[in-house]
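Commentary on secondary and tertiary structure
Residues per chain are reported as follows:
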Amino acid sequence: MRIAVIGTGAVGGYFGAKLAAAGHDLVFIARGKHLEALQAAGLRILSPNGDLHIQKADFVAGATQAGLVDLILFCVKSYDTQAAAESLGPLLAESTTILSLQNGVDNPQKIAAVWRDHRIYPGVVYIGAEISSPGVIRHSSGGKIVFGAADGQADESALRIEQLLSEAGIACQLSGKIHEVQWSKLLWNASFCAISCLAQADVKQIVDSAPLTRLALDCMTEVQCAAQLRGVTLPRTWCDQTIEFSRGLGAFKPSMLQDLEAGKRLEYEAFNGMVVQLLQGAGKAAPINRAFHSLLQHLDRRSRESKNTT
């Protein structure tokens, strides 16, 4: 298959590299110094499961240089979803499928609003990875994709993607309840990403702190309430399980903390802002997520201003 990766960051780069190593025809869309390094020396994945060096692939700056593809791995940050979705036209044949591998719960709907005639699958990834230098992605743990159709139906296209991923050595699961999976991931992202940035703490430091753990649980309670407004029930036990899962991550830095340290834009709107918006729209309070959203907005602006002046 010819596969395009939109947003060749840690997620798109890792999974795209696995597919390229399995013999598929990959085109990676990237920008800046990362793109320059990819074009000069290819994509390197450093992993405890074995390193990869992908050179037989196309590394381009935009969809117009890529041509038609069979599958799109849509991996941009949530704040870039609208613009990236609007740029997909040159990639799309009648049968092209789009797999959203993004944080947040609303991105597939935004893509679908632009391309209603194409099959779009929401996906959730579980991976520890980061861009360690331009053209190089360091993978530390995980590497699983859970995806499914919004209507819960396992159609032929979804089964074909599941087979494609599995044959490339990518752990994957086709879920009939993908909205639950998305919201359960948001339980973690809304709480741990925000706290890691605001407290300058990795996951181990958060779960080792009783006050920060209580704060994370309070944040998750608001996420549960927001999910209920969308018709998704997240049992209380899932919050406790999220904390226990996090204890096994060790000194892991959430993606938002990685972005903060790199002076990149933060995804607080997709993680905390939408929880506030949903609850306020229903006349309910969201004090924890509102505070997180306001503080992260300030931190984001200050961090990027500092990065631009140094």
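Scroll up to find the structure this text is about.
Read on for a plain summary of the structure. Just so we're clear, the structure is a prediction, and the values are computed from it rather than from any experiment.

**Side note on the overall build of the protein**
Counting its secondary structure elements, the protein contains 12 helices and 10 strands. Whereas a compact globule of 310 residues would reach a radius of gyration of roughly 19 Å, the protein reaches 19 Å, a difference of no more than 12%. Overall size of the protein, expressed as C-alpha extent along the three principal axes, is 50 × 45 × 35 Å. Each charge class in the protein can be summarised by its mean position, and for the 29 positive and 29 negative side chains these summaries are 5 Å apart.

**Focus on the side chain of Ser78**
For Ser78, the location among the structural elements is in the loop between strand 6 (69-74) and helix 3 (81-86). A polar contact is formed between the side chain of Ser78 and the side chain of Glu267, at a distance of 2.5 Å. In contact with Ser78, other than residues within four places in its own chain, are Gln102, Asn103, Asn107, Glu267 and Ala270.

**Some points on the pattern of salt bridges**
Evaluated as defined, the whole model comprises 13 salt bridges. Here Asp208 makes a salt bridge to Lys204, at a shortest N to O gap of 2.7 Å. Judged by its relative accessible area of 52%, Asp208 is exposed. Here the salt bridges do not stand alone but share partners, grouping Arg2, Asp25 and Asp58 into one network.

**Notes on the nonpolar core**
Trp183, Leu186, Phe192, Met220, Met256 and Leu296 are the most contacted members of the largest nonpolar core, which has 43 residues in total. Contributing elements (two or more residues each) for this core: helix 6 (178-199), helix 7 (203-207), helix 8 (210-229), helix 9 (236-247), helix 10 (255-261), helix 11 (268-281) and helix 12 (287-308). With 10 residues, the single largest contributor to this core is helix 6. Setting aside anything within four residues of it in sequence, one finds Leu296 in contact with Ala194, Cys197, Leu198, Met256, Leu266, Tyr268 and Asn272. Counting residues in each nonpolar core, the second largest holds 39 residues, with Val5, Leu19, Ala30 and Phe147 among its members.

**With respect to the environment of Asp58**
Among the secondary structure elements, Asp58 is positioned in strand 5 (residues 58-60). For Asp58, a relative accessible area of 35% puts it in the partly exposed group. A sequence separation of 155 residues divides Asp58 from Thr213, and the C-alpha atoms of the two residues are 44 Å apart. Excluding residues that lie within four positions of it along the chain, Asp58 makes contacts with Arg2, Leu26, Val27 and Phe28.

**Structural notes on the pairing of strand 3 (residues 43-46)**
Side-chain alternation along strand 3 places Leu43 and Ile45 on a buried face and Arg44 and Leu46 on a face that remains uncovered. Judged from the 3 bridges that link them, strand 3 and strand 4 (residues 52-54) form a sheet pairing that is antiparallel. Paired with Ile45 across the two strands is Leu52, which belongs to strand 4. Hairpin remark: strand 3 followed by strand 4, antiparallel, with 5 residues in the connecting loop; positive phi at Gly50, about 120°. Here strand 3 pairs with strand 9 (residues 136-147) via 3 bridges, running parallel. If you follow Leu46 over to strand 9, its bridge partner there is Arg138.

**Here we look at empty space enclosed by the protein**
According to the stated counting rule, one finds 1 cavity of 30 Å³ or more in the structure shown. Its boundaries defined by the atoms lining it, the largest cavity holds a volume of some 50 Å³. If you go around the largest cavity, the residues you meet are Gln102, Asn103, Gly104, Val124, Val125, Gln182, Lys185, Leu186 and Asn189. Looking at the lining of the largest cavity, the elements with two or more residues in it are strand 8 (119-133) and helix 6. When residues of the lining of the largest cavity are assigned to their parent elements, the largest contribution, 4 residues, is made by helix 6. Among the residues making up the lining of the largest cavity, the classes are represented as 3 nonpolar, 5 polar and 1 charged.

**As for unusual backbone geometry**
The phi angle at Gln200 is positive, at roughly 50°, despite the residue not being glycine. According to the relative accessible area criterion, Gln200 is exposed, its value standing at 52%.

Cut-offs applied
Residues numbered from 1 in each chain as written. Predicted model: local features only at pLDDT ≥ 70, side-chain atom pairs only at ≥ 80, totals over all residues. Heavy atoms only, no water. Helix = DSSP H or I, 4+ residues; strand = E, 2+ residues; numbered from the N terminus. Rg over C-alpha atoms; globule rule 2.2 N^0.38 Å. Lys, Arg positive; Asp, Glu negative; His and termini not counted. Charge placed at Lys NZ, Arg CZ, Asp CG, Glu CD. Polar contact = N/O pair within 3.5 Å; in protein donor to acceptor, adjacent residues only side chain to side chain. Contact = heavy atoms within 4.5 Å. Salt bridge = Lys/Arg side-chain N within 4 Å of Asp/Glu carboxyl O. Buried < 20%, exposed > 50% of the residue type's maximum accessible area, 1.4 Å probe, protein only. Core = buried A, V, L, I, M, F, W, Y, C linked by side-chain atoms within 4.5 Å. Pairing = 2+ DSSP bridges. 1 Å grid on protein atoms, 1.4 Å probe; cavity = no way out; pocket = protein on both sides within 12 Å on 5 of 7 lines; lining within 4 Å. Points joined across faces, edges and corners; volume = space filled by probe spheres on them. Nonpolar A, V, L, I, M, F, W, Y, C, P; charged D, E, K, R; others polar.

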